[in-house]
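# Residue-level structural notes
Now for the letters of each chain:
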Amino acid sequence: MDDSTIIDASLRDPERFAELFDRHAAVLHRYVVRRLGPDHAEDVVAEAFTRAFAKRHRYALDRSDALPWLYGIATNIIGSHHRAEVRGYRALARTGEDPVAAAFDDRVVARVAASATRERLAAALAKLGRGERDVLLLIAWGDLSYEETARALDVPIGTVRSRLSRARRKIANALGGTNPTDLIEETL
């Protein structure tokens, strides 16, 4: 059963919406942890599903996958936590300590070896504008396509492309020409 069927069924039987939570909460939680850290993740995910539940009657039922929609809601909530996110990146840039690396498996932790690169990357992420950072991280951490990112943020696909291009250029410059998307996926 696809997500749109679940959402449609939840309009008549609200308990059915829990199936959507069961299906997507873990992946959404990982994304939010990477953006804000573990202290805020549960609250943001809970608020994202609460907002999604309240707005489910407006969901475009022709979209079988609700994950981009949920990412968009979570990203908007993250925006309200923007200052905490930037502080976290600045702390990572200062200390080189990634407080959420322990939450991932050994394979990911092993990839978090380049401390100097990690610090420069965190500093570069902190300097990006919110829109650029949202697009870059939805694509890198959320593994969304350009189209899904556009739907998640409710912006035209051209805006996604331009924001991603600017973000990559700014981070590449800060890192001496290294591909920022690879570093975000592998380093943080």
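All values reported here derive from a predicted model rather than from experimental measurement. (Residues numbered from 1 in each chain as written. Predicted model: local features only at pLDDT ≥ 70, side-chain atom pairs only at ≥ 80, totals over all residues. Heavy atoms only, no water.)

When helices and strands are counted, the chain shows eleven helices and zero strands. Its helices and strands taken in sequence order, the chain reads α-α-α-α-α-α-α-α-α-α-α from the N to the C terminus. Looking at the chain residue by residue over its 188 residues, the buried ones come to 45%. Considering only contacts in the chain between residues 6 or more positions apart, those separated by 24 or more positions represent 68%. Working note: accessible area of the chain is about 9,400 Å², and carbon and sulfur atoms make up 49% of it. (Helix = DSSP H or I, 4+ residues; strand = E, 2+ residues; numbered from the N terminus. Buried < 20%, exposed > 50% of the residue type's maximum accessible area, 1.4 Å probe, protein only. Contact = heavy atoms within 4.5 Å. Areas by Shrake-Rupley, 256 points an atom, 1.4 Å probe, with all protein chains shown as cover.)

Bringing the nonpolar core into the picture now. Tyr-31, Val-32, Tyr-71, Leu-125 and Ile-171 are the most contacted members of the largest nonpolar core, which has 48 residues in total. If you tally residues by element for this core, the top one is helix α2 (residues 17-36), at eight residues. With residues up to four places along the chain from it excluded, the contact list for Val-32 reads Gly-37, Ala-41, Val-44, Val-45, Ala-74 and Ile-78. (Core = buried A, V, L, I, M, F, W, Y, C linked by side-chain atoms within 4.5 Å.)

On to helix α4 (residues 67-80). Between its first and last C-alpha atoms α4 spans 20 Å; for 14 residues at 1.5 Å apiece the expected length is 20 Å, and the two agree. Most of α4 sits out of view: eleven of its 14 residues are buried. Residues Leu-67, Pro-68, Leu-70, Tyr-71, Gly-72, Ile-73, Ala-74, Thr-75, Ile-77, Ile-78 and Gly-79 constitute the buried set of α4. (Expected span 1.5 Å × (residues − 1).)

Following the sequence through the fold, His-24 ends up in helix α2. Ignoring anything within four residues of it in the chain, the contact list for His-24 reads Asp-3, Phe-49, Asp-65, Leu-67 and Leu-70.

On to unusual backbone geometry. With a phi angle near 55°, Asp-143 is a residue other than glycine that sits in the positive phi range. Take Asp-143: it is sitting in the loop between α8 (130-140) and α9 (146-153). Phi at Asp-154 takes a positive value of approximately 55°, unusual for a residue other than glycine. Within the secondary structure, Asp-154 sits in the loop between α9 and α10 (157-174). On the basis of relative accessibility, which here comes to 70%, the residue Asp-154 falls in the exposed class.

Pairs may arise between side chains of opposite charge once their charged atoms sit close together. Tallied over the full model, the rule gives eight salt bridges. A salt bridge links Arg-23 to Asp-3; the nearest nitrogen and oxygen atoms lie 2.6 Å apart. Taken together, the residues Arg-23 in helix α2 and Asp-3 in helix α1 (residues 3-12) connect sequence positions 20 residues apart. Residue classification places Arg-23 among the partly exposed residues on the basis of a relative accessible area of 40%. With relative accessibility at 2%, the residue Asp-3 sits in the buried group. Arg-12 is the partner of Asp-8 in a salt bridge, and the nearest nitrogen-oxygen pair spans 3.7 Å. With a gap of four residues between them, Asp-8 and Arg-12 both fall in helix α1, about one helical turn apart. In this structure Asp-8 comes out as partly exposed when scored by relative accessible area, which is 28%. (Salt bridge = Lys/Arg side-chain N within 4 Å of Asp/Glu carboxyl O.)

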